[in-house]
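# Overview (structure and organization)
One-letter residues, chain by chain:
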2 protein chains.
Amino acid sequence: MKSFVYHVPTKVYFGEGQLCHLGEELKQCGKKVLLSYGGGSIKKSGLYDLLLEEMKKANLEVFELAGIEPNPRIESVREGARLCKQHDIDVVLAVGGGSTIDAAKFIAAGACTDDDPWDFFVAGAPIDKALPLITVLTLSATGSEMDSCGVISNMETNDKLARYSDHVFPKVSFLDPTLTYTVNEYQTACGSADILSHIFEVYFNMNKDLYMLDTVMEGLMRTVIKYAPIALREPENYEARANLMWASSWAINGFINGGKQQAWSCHPMEHVLSAYYDITHGLGLAILTPRWMKYCLDETRVSKFYQFGVNVFGIDASLEPLEVAERAIEELSTFFFRTLGLKSRLSEVGIDDTHFEQMSQKACKGGVLAGFKPLGKEDIKKIFERCL
Amino acid sequence: MKSFVYHVPTKVYFGEGQLCHLGEELKQCGKKVLLSYGGGSIKKSGLYDLLLEEMKKANLEVFELAGIEPNPRIESVREGARLCKQHDIDVVLAVGGGSTIDAAKFIAAGACTDDDPWDFFVAGAPIDKALPLITVLTLSATGSEMDSCGVISNMETNDKLARYSDHVFPKVSFLDPTLTYTVNEYQTACGSADILSHIFEVYFNMNKDLYMLDTVMEGLMRTVIKYAPIALREPENYEARANLMWASSWAINGFINGGKQQAWSCHPMEHVLSAYYDITHGLGLAILTPRWMKYCLDETRVSKFYQFGVNVFGIDASLEPLEVAERAIEELSTFFFRTLGLKSRLSEVGIDDTHFEQMSQKACKGGVLAGFKPLGKEDIKKIFERCL
């Protein structure tokens, strides 16, 4: 257990009906709100009207930025930052899933600087402050509602890049599981794959000294595996939606880190997939993960897969470690591609090997992804090929 | 999963050597520090000198309050608050275990009001603000380093009372597992019993909808059960001390709550034990817990004990639920009284039934403890009697 600093300042209102506290929280930040959201789903669901009503009751002045894209674009971030400056906005309110919240983080930061927001990602532009950010979560997936990271895409340059800053932690997040009742099967499945992947990125490591966090992560994985299928069958099952929602935050908010080796593997590979093909993040992760696992499985790493198989899938602990490991990867594939019904191959979503050379180069930035198993460009290319 | 608000603003520096950040964190709060601690152990261990050196490097002016008692007394809190006012203190630095940190919380609050600090506990005196509090933890037990609660004793009135306030959350806590290397066997055992009890108080409830947090709590319990014996055998085992230390914070910092029924049972009973007899908190909890469990075990509650037995102690899931439940309680007794070597009966620590009548009355404040199984005065008295 290496040294680490833990600090998650976000306040969370969890549960049905908590939006009654929205007005009071926004008012503490000021008068002028930039409401940012994605497509029209929040209007269809009635959430938009509810939010406006709460803000009206609190005498807030509301400006809007609609149309934040899945895999949010730098153009939206620029436009949001411009609106904040133009209208002297006090607080950003992001309503949606990870894409909307990620964009809002850099809108809030972009509002406080003269730098172009894309420079946060490619030129190391400093983030010294940001407007306060309040979020209303409508999709359990990225955990952006409780972390200090965001990922923004630039389709001109085929880049999808992440940036961290303590200044972009949401100040307050509203997690009402009933707001995810309308999330369709496909998005529920992709979101669940994303949650699992966040846990895998931390869980699969070569350290062996943090038993406690392993038990926590195994519990979170079992939670997703138990409740995602229930949410698919019964989209309005509160217990399932609540467990998935809180698990999505825990998977990435820093609770489970504890000084583990933090180099990720599948996420950087997926980010180039999305940057070239704009596919859904969780789908890309689901396709990549079992192939990545098989690629990593060797003598030095088999014990972690064994632990995963026994503690998460309940595979017979008396079997040979290698057999347990292989069965565990098989169980995970079955979960993604049968239980959740996700497509299992890149070729099924219109992706061929045209750009694999450049994509592999970008994923490791020309060097090595220093995760569970260090991966160079050729390794990554092989994993992409196995996903075809 | 009921509605809840999650907010744990404490920043944690975890790991060996993190005290190099102490000066910078204190300096952010001001110039004048009140250093409060318990007995002389921090002088013997060299920690005291290290702290003074760090504070000297940061040009801080240090005042001292030594001698905070186990089961800290209201007199110490009063004296600390007085010192803060007299010297215009900017920040309180508590170095020790839960007793020192608990006292420091109300010293920090007492410094900001003209009310007598005991009125925080008996007269509902408001806590509108508090001096910033920074802690250096030297004992894994109470979790006070990361929560908003403290318990103070008044031996004149035989009261040991708790108070919560968001204003007394430590701003920063330093968790260096090597600082617990010198904790002796008895205190290590009592601390471990305290950690387990914090988890039990949340885990044993009648709600059935928060699978995720149950898995987390079961993992934390297994962690304590795995590492406490190792720490007893090898006091300088970093992995054991680190896992116990982080588990102690998680057991009570709010991570595991999630809207569960929060009425506690063993803690209020133990608090009257300590208030009358000044016994070690963790020892009192260890003696009480298995008897409390047996008293609660009935048809409506057996399923939770079954889950506990299977998931924490690995008892054969195919056995009858009642048998699993009884075996689980037996396993826990064995853990407390054999593995940890704690005394198992009140009579062994010089406690008889002289005050059971008044103690039972005080534990439920003349009403009912509305925990896992609601307990009135007569119930509590019976549990005390079974502990003799």
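Residues numbered from 1 in each chain as written. Chains lettered and ligands numbered in written order. Predicted model: local features only at pLDDT ≥ 70, side-chain atom pairs only at ≥ 80, totals over all residues. Heavy atoms only, no water.

### Examining the packing of aromatic side chains
To be explicit about the condition: Any Phe, Tyr or Trp ring, taking Trp's six-membered ring, that has another such ring centre within 6.5 Å forms a pair; planes under 30 degrees apart are called stacked, those over 60 apart edge-to-face, and the others tilted. Going along the chain from the N terminus, every DSSP run of H or I of four or more residues is numbered as a helix, and every run of E of two or more is numbered as a strand. Only protein chains enter the area calculation, which uses a 1.4 Å probe; residues under 20% of their type maximum are buried, those over 50% are exposed, and those in between are partly exposed. Lysine and arginine charges are scored as sitting over a ring when NZ or CZ, respectively, is within 6 Å of the ring centre and within 35 degrees of the ring normal.
Using the criterion set out here, one finds 60 aromatic pairs over all chains in the structure. Relative to Phe372(A), the ring of Phe204(A) lies with its centre 5.6 Å away and its plane at 50 degrees, an arrangement referred to as tilted. One end of the pair, Phe204(A), is in the loop between α7 (185-203) and α8 (211-233); the other, Phe372(A), is in the loop between β10 (368-369) and β11 (375-376), with 168 residues separating them in the sequence. Each member of the pair, Phe204(A) as well as Phe372(A), is classed as buried. Residues Phe204(B) and Phe308(B) carry aromatic rings whose centres are separated by 5.3 Å and whose planes lie at 75 degrees to one another, so their mutual orientation is edge-to-face. Note that Phe204(B) is positioned in the loop between α7 (185-203) and α8 (211-233) and Phe308(B) in helix α12 (residues 302-313), a separation of 104 residues in sequence. Of the two residues, Phe204(B) and Phe308(B), both sit in the buried class. Feature note: the residues Phe4(A), Tyr6(A), Phe14(A), Trp246(A), Trp250(A), Phe255(A), Phe4(B), Tyr6(B), Phe14(B), Trp246(B), Trp250(B) and Phe255(B) constitute an aromatic cluster, connected by ring pairs. One Lys or Arg, Arg301(A), reaches over the ring of Phe372(A) and ends 5.7 Å from the middle of that ring. One residue, Lys226(B), lies across the ring of Tyr211(A), its end atom 4.8 Å from the ring centre.

### Focus: the relation of the copies chain A and chain B
Applied cut-off: To superpose the copies, least squares is applied to the C-alpha atoms of every residue with a pLDDT of at least 70 in both. Note on contacts: a residue pair qualifies if any of its non-hydrogen atoms lie within 4.5 Å across the two residues.
Between chain A and chain B, which share one sequence, the superposing operator has a rotation angle of 180 degrees and an axial displacement of 0.0 Å; the RMSD is 0.0 Å. When the rotation and shift are considered jointly, the pair of chain copies conforms to a two-fold rotation axis. Most of the interface of chain A is mirrored in chain B, where 100% of its interface residues again form contacts.

### What to know about the pattern of salt bridges
We count it as follows: By definition here, a salt bridge exists when the distance from a side-chain nitrogen of Lys or Arg to a carboxyl oxygen of Asp or Glu is within 4 Å.
According to the stated counting rule, one finds 28 salt bridges over all chains in the structure shown. A salt bridge links Lys373(A) to Asp298(A), with the nearest nitrogen and oxygen atoms 3.7 Å apart. With a gap of 75 residues between them, Lys373(A) in the loop between β10 and β11 and Asp298(A) in the loop between α11 (281-296) and α12 (302-313) connect regions that are remote in the sequence. Lys362(B) is paired through a salt bridge with Asp159(B); the nearest N and O atoms lie 3.1 Å apart. In this pair, Lys362(B) is assigned in helix α14 (residues 356-363) and Asp159(B) in strand β8 (residues 159-164), connecting sequence segments 203 residues apart. Residue Asp159(B) is classed as buried on the basis of its relative accessible area of 18%.

### What to know about the pairing of strand β7 (residues 149-154) of chain A
Consecutive side chains of a regular strand alternate in pointing toward one face of the sheet and then the other. Residue and element names in this part refer to chain A. Note the following rule: Between any two strands, pairing holds if DSSP finds at least two bridges.
For β7, a buried count of 6 out of 6 residues is recorded, marking the element as mostly surrounded by other parts of the structure. The alternating pattern of β7 places Cys149, Val151 and Ser153 on one face and Gly150, Ile152 and Asn154 on the opposite face, and all of these are buried. Connecting β7 to the next strand, strand β8 (residues 159-164), in antiparallel fashion are 4 residues, including Asn158 with a positive phi near 50 degrees.

### Considering helix α4 (residues 74-87) of chain A
Since the α-helix turns once every 3.6 residues, residues separated by three or four places project in the same direction. Residues and elements named next belong to chain A. Note the threshold: One less than the number of residues in a helix, times 1.5 Å, gives the span that helix is expected to have.
For α4, which comprises 14 residues, the first-to-last C-alpha distance of 20 Å matches the rise-based estimate of 20 Å (1.5 Å per residue) to within 8%. All of the buried residues along α4 are Ile74, Ser76, Val77, Gly80, Ala81, Leu83 and Cys84. As for α4, its buried residues are in contact with β3 (32-37), β4 (61-65), β5 (91-96), α5 (98-110) and β7. One or two residues past the end of α4 sits Asp88, with phi positive at roughly 55 degrees.

### Notes on the packing of α8(A) against helix α9 (residues 238-250) of chain A
Residues and elements named next belong to chain A. As a reminder, the rule being used: To define axes, lines are fitted to C-alpha atoms, for helices over the stretch in contact only, and angles between the resulting N-to-C directions are given on a 0 to 180 degree scale. Each helix crossing is assigned a hand: it is left-handed if the near helix lies turned anticlockwise from the far helix by less than a right angle, otherwise right-handed if that turn is clockwise. Three categories are distinguished: nonpolar for Ala, Val, Leu, Ile, Met, Phe, Trp, Tyr, Cys and Pro, charged for Asp, Glu, Lys and Arg, and polar for the others, with Gly belonging to the last.
Running from N to C, α8 and α9 cross one another at 140 degrees; their axes reach a closest spacing of 9 Å. Between α8 and α9 the crossing geometry is left-handed. Judged by residue contacts, Val216, Leu220, Thr223, Val224, Tyr227, Ala228, Ile230 and Ala231 of α8 engage Glu239, Ala240, Arg241, Asn243, Leu244, Ala247 and Trp250 from α9. For the contact of α8 with α9, a count of residues per class yields 11 nonpolar, 2 polar and 2 charged.

### Digging into the interface of chain A and chain B
Condition: As a working definition, buried area equals the accessible area (1.4 Å probe) given up by two parts on being put together, with both sides summed. In protein, a polar contact requires one atom able to donate a hydrogen and another able to accept it; more generally it is a pair of N or O atoms within 3.5 Å, and residues adjacent in sequence count only if both atoms are side-chain atoms.
With 39 residues of chain A in contact, the opposing surface of chain B contributes 39 residues. Interface of chain A and chain B: buried area, both sides summed, is about 3,400 Å²; carbon and sulfur atoms make up 63% of it. The tally of links between chain A and chain B comes to 0 salt bridges. Across the contact surface, chain A and chain B share 13 residue pairs in polar contact (both at pLDDT 80 or more). Those elements that provide at least two residues to the side of chain A that touches chain B are β1 (4-6), β2 (11-14), α8 and α9 of chain A.

### Some points on α8(A)
All names here are of chain A. Rules: A residue's bend is the angle separating two fitted axes: one through the seven residues that end there, the other through the seven that start there.
Spanning 23 residues, α8 covers 34 Å between terminal C-alpha atoms, matching the ideal 33 Å at 1.5 Å per step. Considering bend angle alone, the principal kink of α8 is centred on Tyr227 and spans about 25 degrees; proline Pro229 follows within four residues of it. For α8, the buried fraction is high: 19 of the 23 residues fall into the buried class.

### Regarding the sheet that holds β2(A)
Taken together, 7 strands build an open sheet; the order of strands is β4(A)-β3(A)-β5(A)-β6(A)-β9(A)-β2(A)-β1(B) and the sheet is mixed. Looking at which strands have only one partner, the edges of the open sheet turn out to be β4 of chain A together with β1 (4-6) of chain B. Strand-to-strand twist in this sheet, taken as the mean axis angle between neighbours without regard to direction, amounts to 20 degrees. Sheet topology places β3(A) next to β5(A); 5 bridges connect them, and they run parallel. Bridging across to β5(A), Leu34(A) finds its partner in Val92(A). The sheet contacts of α4(A) involve β3, β4 and β5 of chain A, and relative to β4(A) the element is tilted by about 155 degrees.

### Side note on a negative patch on the surface
Residues and elements named next belong to chain A. Note the cut-off: Residues with no salt bridge and a relative accessible area higher than 30% make up the patches, which join like charges within 9 Å and nonpolar side chains (Val, Leu, Ile, Met, Phe, Trp, Tyr) within 5 Å. In these tables, accessible area is a Shrake-Rupley quantity obtained with a 1.4 Å probe, and a residue counts as shielded only by the protein chains included in the view. His is not counted, nor are the chain ends, whereas Lys and Arg count as positive and Asp and Glu as negative. Where a charge sits is defined by one atom per residue type, namely NZ (Lys), CZ (Arg), CG (Asp) or CD (Glu).
On the surface, a cluster of negative charge is made up of Asp352, Asp353, Glu378 and Glu385. Of note, Asp352 is situated in the loop between α13 (321-339) and α14 (356-363). Residue Asp352 is classed as partly exposed on the basis of its relative accessible area, which comes to 39%.

### Quick word on unusual backbone geometry
In this model, Lys365(A) sits at a positive phi of 50 degrees, which is unusual for a non-glycine residue. Mapped onto the elements, Lys365(A) comes out in the loop between α14 and β10. Taking relative accessible area as the criterion, Lys365(A) reaches 74% and is therefore assigned exposed. Even without a glycine there, the phi angle at Asn158(B) is positive, about 50 degrees. Relative to the assigned elements, Asn158(B) resides in the loop between β7 (149-154) and β8.

### With respect to the nonpolar core
Counted only if it meets this: Buried residues of nine kinds, namely Ala, Val, Leu, Ile, Met, Phe, Trp, Tyr and Cys, make up a nonpolar core once their side-chain atoms join them within 4.5 Å.
Among the nonpolar cores identified, the biggest contains 241 residues, and Trp246(A), Trp250(A), Trp246(B), Trp250(B) and Met269(B) are the most heavily contacted of them. Setting aside residues no more than four positions away along its own chain, Met269(B) makes contact with Leu288(B), Trp292(B), Ala363(B), Leu369(B), Leu375(B), Ile380(B), Ile383(B) and Phe384(B).

Just geometry here; none of it tells us what the structure is for.
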